[in-house]
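Spelled out from the first residue to the last, the chains are:
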Amino acid sequence: MKRPKLKKASKRMTCHKRYKIQKKVREHHRKLRKEAKKRGRKKPRKDPGVPNSAPFKEALLREAELRKQQLEELKQQQKLDRQKEQNKKRKLETDPDVELSNTEPVKEELGQRKAKKARTGKQNPKRLYCQELKKVIEASDVVLEVLDARDPLGCRCPQAEEAIIRGGQKKLVLVLNKSDLVPKENLENWLSYLKKELPTVVFKASTQRKDKRKSIKVKKKAAPFKSEVCVGKEGLRKLLEDFQKTSGKAIHVGVIGFPNVGKSSVINSLKQEQICSVGVSMGLTRCMQIVPLDKQITIIDSPCFIVSPLNSAPALALRSPASIEVVKPLEAASAILSQADAQQVVLKFTVPVFMNSLEFFTSLAQRRGLHQKGGSPNVEGAAKVLWSEWTGAFLGYYCHPPASWTPPPHFNESTVTDMKGGFDLEELEKNNAYSIQAIKSPHLASSILFQSSGLTNGVIDEKDIPEEFPKQKKQKQEQGESYEDVNTDQGIVDEEGDDESLDMSPAEEACEAPPEKSQADKQSAPSFVLDKMTEEEDDAYDFSTDYV
C-alpha cells in the first residue's frame, strides 16, 4: 500500500499571537539600544596615526615602536615570574623541609613590619597635631590666627602667640571670623580693642550656614563660591599683597586657631574654591595643607590647637570636642549655661523661667520633643543639643571686651610695633569699616550675652601631651591582672580604642558602633589569629574622631 505524502506544518498563526511576538521583539531591541547607549561606542575608534604634515614623524613612530616592544618584553617577564612562583609552590608542596626554611624569613619580615607600625601608627594623634602645627608656624612668614567673633578673647592661645614671637621675623594677624553672628556695636568694640595690640581683620567666610541638626548633601561637582557672600576677603587679600610687596619676596601665610573657628572656610573663601575640607564635625584637618593663592602668596592650613586640661570648665566645653565626653554632657552644657544671661536664654529657646540648669534642660527636652522610654524627658539629650548649637555656626551670642586694655605677658610695646610694621593700617581700617556696614548682623536684643572666661591655654609642645589619658590609667588599675594576660599588641589597640571614645563628638555618639571582639575570645585564640585580629584593628584606626 502506498504511503500517503506528509505535508509540512503550516506556519500560520493568529493575529493576536503574531502581534504579541512583534511587540516583544520591539521591546527587546529597545532594551539593547538603551544598554548600548549607556556603554557608549561599541567599537573602539581606530587610531588615525601620525599625519604626514606632522614634524618629526619618523622619530615619533620609532618611539611608539620602542614602547610597544617594551610592553611585550614586560608581559613576557611577568609570565616567566608567574611560572617561577608556580614551580616554587609545587616544590614546597613536595618538600616539607624547604617549607620550614622559607617560613622563617617571612616571619622576620612580619615582625619588622609590626615593629615599624608600633613606632608610627601607635603614636598619640594629638602629638602628631602638635608636630604639624610647629611645622606650619616655622614655615610661615605671616600667621593668621582665626578667632570666633562671638568670643574673641577665648579663642586666643597665648602659648601659640608666644611661639610665633620667638620664631623671629614673623607677623601675627587676627581674623575675626563669624562676624555676622554678633551685633555691630559689639563687633566695633572688639575691633577697637584688638587693633591696639595686633592688626585685626573683620571677616565672614562664604560657606553656607551649617547646623548640626541638619545634614547637607554635597554635590559631586562643587560650584565656585559667590564673592558677594564673603565679607572681608578683599581687605585681607589686600593686606597680604601689600606686605608681600614690602618684603619683596614670595610669602607663606599660615592659618591657625582652635577647633571650629573656621580656618579652612577662610582659606576656601580667599581661594573661591572648595579646596580644604570643611564640615560641622571637628577634626577634619589632620595635617598641614599647602594652597597656592597666587604666584607670590601661598597659604598653609593647619590642625587646631590642643586645649590644655587646666582650663576652666566653660573653656573646655567650648574649645575641646572631647570635653562633652570627659566632663559628661550635663556638666559641660551646665558650665556653658552658667556663663550666659538667663533671661536672654529663656527668650531665645522659648522655655519658661528656670531656677537651675536641670530645670532648663527638662524644659528644653519637652520643647524639642526629646523623650526617653516611658515618656520622661531626655535631659542628657537636651544638654547635647545646647552644646552642639553653642559650638556650631547657628546660635548668635556675644561677649563684652575688657573695660581697659592691658597687654598680655608675652607682649610688650616693641613687639606690638614690630607686628604692625609692614602693613598698611589705614587701608585696613577703611576695609574693616566697609565690611562692618556690609554684614547683616543680628539685633542686640535677639543675641545672648555670654561671660568670657579669658584666654584659653593650649598645648604646643608634643612632650607635654601624656602617652596615656587618665581614663585609661584608671581602667588599667581596676582591671589589674587582666591586662597582663594579653599580649602587648592587644594592649596598645585597647588604648587606642579609649582614645577614640574620649574624642568622640555627640553627633558621632548617636551612630551605632560596630560590634567589638570580646576579650575572652582574643585570649582563647591562637597567636597567629591574635596577630591577624590586631592587624585588622590597626588598619581600621581612623583619626576622624580626634579634633582639629
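Residues numbered from 1 in each chain as written. Predicted model: local features only at pLDDT ≥ 70, side-chain atom pairs only at ≥ 80, totals over all residues. Heavy atoms only, no water.

S.K.: Go over the overall build of the protein with me, naming the residues and quoting the values.
M.R.: On a plain count of helices and strands, the protein comes out with 22 helices and ten strands. Taking contacts inside the protein between residues at least 6 apart in sequence as the whole, the part at least 24 apart equals 78%. Summed over its atoms, the accessible surface of the protein is roughly 34,200 Å², and 53% of this surface lies on carbon and sulfur atoms. (Helix = DSSP H or I, 4+ residues; strand = E, 2+ residues; numbered from the N terminus. Contact = heavy atoms within 4.5 Å. Areas by Shrake-Rupley, 256 points an atom, 1.4 Å probe, with all protein chains shown as cover.)

S.K.: Hey, could you go over the pairing of strand E6 (residues 297–301) for me, with residue numbers and the actual values?
M.R.: Counting buried positions along E6 gives five out of five residues, so the element sits mostly inside the fold. Side chains of E6 alternate between two faces, with Ile297, Ile299 and Asp301 and Thr298 and Ile300 buried alike. Pairing analysis gives five bridges linking strand E4 (residues 251–256) to E6, with the strands arranged parallel. Paired with Gly254 across the strands is Ile300, a residue of E6. Sheet analysis places strand E5 (residues 289–292) next to E6, joined by four bridges and oriented antiparallel. (Buried < 20%, exposed > 50% of the residue type's maximum accessible area, 1.4 Å probe, protein only. Pairing = 2+ DSSP bridges.)

S.K.: If you had to explain the nonpolar core to someone new, which residues and values would you point to?
M.R.: Counting residues in each nonpolar core, the largest one holds 90 residues, and the members touching the most others are Phe349, Phe360, Phe361 and Trp390. Considering each element in turn, this core owes the most residues, six residues, to helix H14 (residues 379–391). Built from parts of two domains, this core gets at least three residues from each of domain 1 (125–208 + 227–310 + 397–459) and domain 2 (313–391). Among the nonpolar cores identified, the runner-up in size contains five residues, and Tyr129, Cys130, Val459 and Ile465 belong to it. (Core = buried A, V, L, I, M, F, W, Y, C linked by side-chain atoms within 4.5 Å. Domains from an automatic or database assignment.)

S.K.: Give a description of helix H8 (residues 263–271) that names residues and reports values.
M.R.: Most of H8 is tucked away: eight of the nine residues are buried. Where H8 is concerned, the buried positions are Lys263, Ser264, Ser265, Val266, Ile267, Asn268, Ser269 and Leu270. Residues of H8 that are buried make contact with strand E1 (142–148), strand E2 (171–177), helix H7 (233–247), E4, E5 and E6. Phi turns positive one or two residues past the end of H8, at Gln272, with a value near 60 degrees.

S.K.: Lay out the confidence of the model for the protein in plain terms, naming residues and giving numbers.
M.R.: Taken as a whole, the protein shows an average pLDDT of 75; of its residues, 71% reach a score of 70 or greater. Low pLDDT, under 50, characterises residues 209–228; the stretch is placed with 34 contacts to residues that sit more than four places away or in other chains. Below pLDDT 50 for its whole length, residues 468–548 participates in 120 contacts with residues either more than four positions away or in separate chains. (pLDDT = per-residue confidence, 0-100.)

S.K.: Explain the sheet that holds E6 to me, using residue names and the numbers behind them.
M.R.: With respect to topology, six strands assemble into an open sheet ordered E3-E2-E1-E4-E6-E5, the strand pairing being mixed. Among the strands making up the open sheet, the edge pair consists of strand E3 (200–202) and E5. For this sheet, the mean inter-axis angle between neighbouring strands, taken without regard to orientation, is 25 degrees. Strands in contact with helix H4 (residues 125–139) are E4 and E6; relative to E4, the strand with the most contacts, it is inclined by about 145 degrees. (Axes fitted to C-alpha atoms, helices over the stretch in contact; angles between N-to-C directions.)

S.K.: Provide a residue-level description of H4, including the pertinent values.
M.R.: Residues lying three or four places apart along an α-helix face the same way, a consequence of the helix completing one turn every 3.6 residues. With 15 residues, H4 should reach 21 Å at 1.5 Å per residue; the first-to-last C-alpha distance of 21 Å fits that figure. For H4, every residue scored as buried is listed here: Pro125, Lys126, Arg127, Tyr129, Cys130, Glu132, Leu133, Val136 and Ile137. (Expected span 1.5 Å × (residues − 1).)

S.K.: Just give me the short version of a nonpolar patch on the surface, but keep the residues and values in it.
M.R.: Together, Met13, Ile21 and Val25 make up an exposed nonpolar region whose accessible area comes to about 240 Å². By the element assignment, Ile21 lies in helix H1 (residues 15–39). (Patch = residues over 30% accessible without salt bridge, like charges linked within 9 Å, V, L, I, M, F, W, Y side chains within 5 Å. Salt bridge = Lys/Arg side-chain N within 4 Å of Asp/Glu carboxyl O.)

S.K.: Could you give an account of the packing of aromatic side chains, naming the residues involved and the relevant values?
M.R.: Under the counting rule described, the total for this entry stands at nine aromatic pairs. By way of ring pairs, the aromatic residues Phe349, Phe354, Phe360 and Phe361 are connected into one cluster. (Phe/Tyr/Trp six-rings, centres within 6.5 Å; stacked < 30°, edge-to-face > 60°.)

S.K.: Help me get a handle on the pattern of salt bridges, residues and values and all.
M.R.: Pairs can form between side chains of opposite charge once their charged atoms are near each other. Using the criterion set out here, one finds twelve salt bridges in the structure. A salt bridge links Glu132 to Lys135; its shortest N-O distance comes to 3.4 Å. One end of the pair is Glu132 and the other is Lys135, both in helix H4 and three residues apart, which spans about a single turn. The salt bridge partner of Asp242 is Lys238, with a shortest N-O separation of 3.2 Å.

S.K.: I'd like to hear about the packing of helix H11 (residues 329–338) against H14, residue by residue, with values.
M.R.: Angle between the axes and distance between the axes: these two values describe a pair of packed helices. Contact pair H11 / H14: the axes reach a minimum separation of 8 Å and the direction vectors enclose 50 degrees. It follows from the interaxial angle that H11 and H14 lie oblique. Considering how the two elements wind past one another, H11 and H14 form a crossing that is left-handed. Where H11 approaches H14, its residues Pro329, Leu330, Ala333, Ile336 and Leu337 are matched on the opposing element by Val379, Glu380, Ala383, Lys384, Leu386, Trp387 and Trp390. Tallied by class, residues from the contact of H11 with H14 come to ten nonpolar, no polar and two charged. (Parallel < 35°, antiparallel > 145°, perpendicular 65-115°, else oblique. Left-handed = near helix turned anticlockwise from the far one by under 90°. Nonpolar A, V, L, I, M, F, W, Y, C, P; charged D, E, K, R; others polar.)

S.K.: Explain the environment of Asn432 to me, using residue names and the numbers behind them.
M.R.: The topology assignment puts Asn432 in helix H16 (residues 425–438). Sequence separation between Asn432 and Leu191 is 241 residues; the distance between their C-alpha atoms is 8.8 Å. Discounting residues that sit within four places of it in the chain, Asn432 has contacts with Leu191, Thr200, Val201 and Val202.

S.K.: Can you break down the environment of Gly235 residue by residue, with the values?
M.R.: Looking at where Gly235 falls in the secondary structure, it is placed in helix H7. The buried category is assigned to Gly235, whose relative accessible area is 9%. Sequence separation between Gly235 and Tyr434 is 199 residues; the distance between their C-alpha atoms is 9.3 Å.

S.K.: Requested: an account of the packing of helix H6 (residues 184–194) against H16, with residues and values cited.
M.R.: Relative to each other, H6 and H16 sit at 160 degrees, their axes nearing to 10 Å. In this view, H6 runs roughly antiparallel relative to H16, as classed from their interaxial angle. Here the hand of the crossing between H6 and H16 comes out right-handed. On the side of H6, the interface is formed by Lys184, Leu187, Glu188 and Leu191, while H16 contributes Asn432, Ile436 and Gln437. Class assignment of the residues belonging to the contact of H6 with H16 gives a composition of three nonpolar, two polar and two charged.

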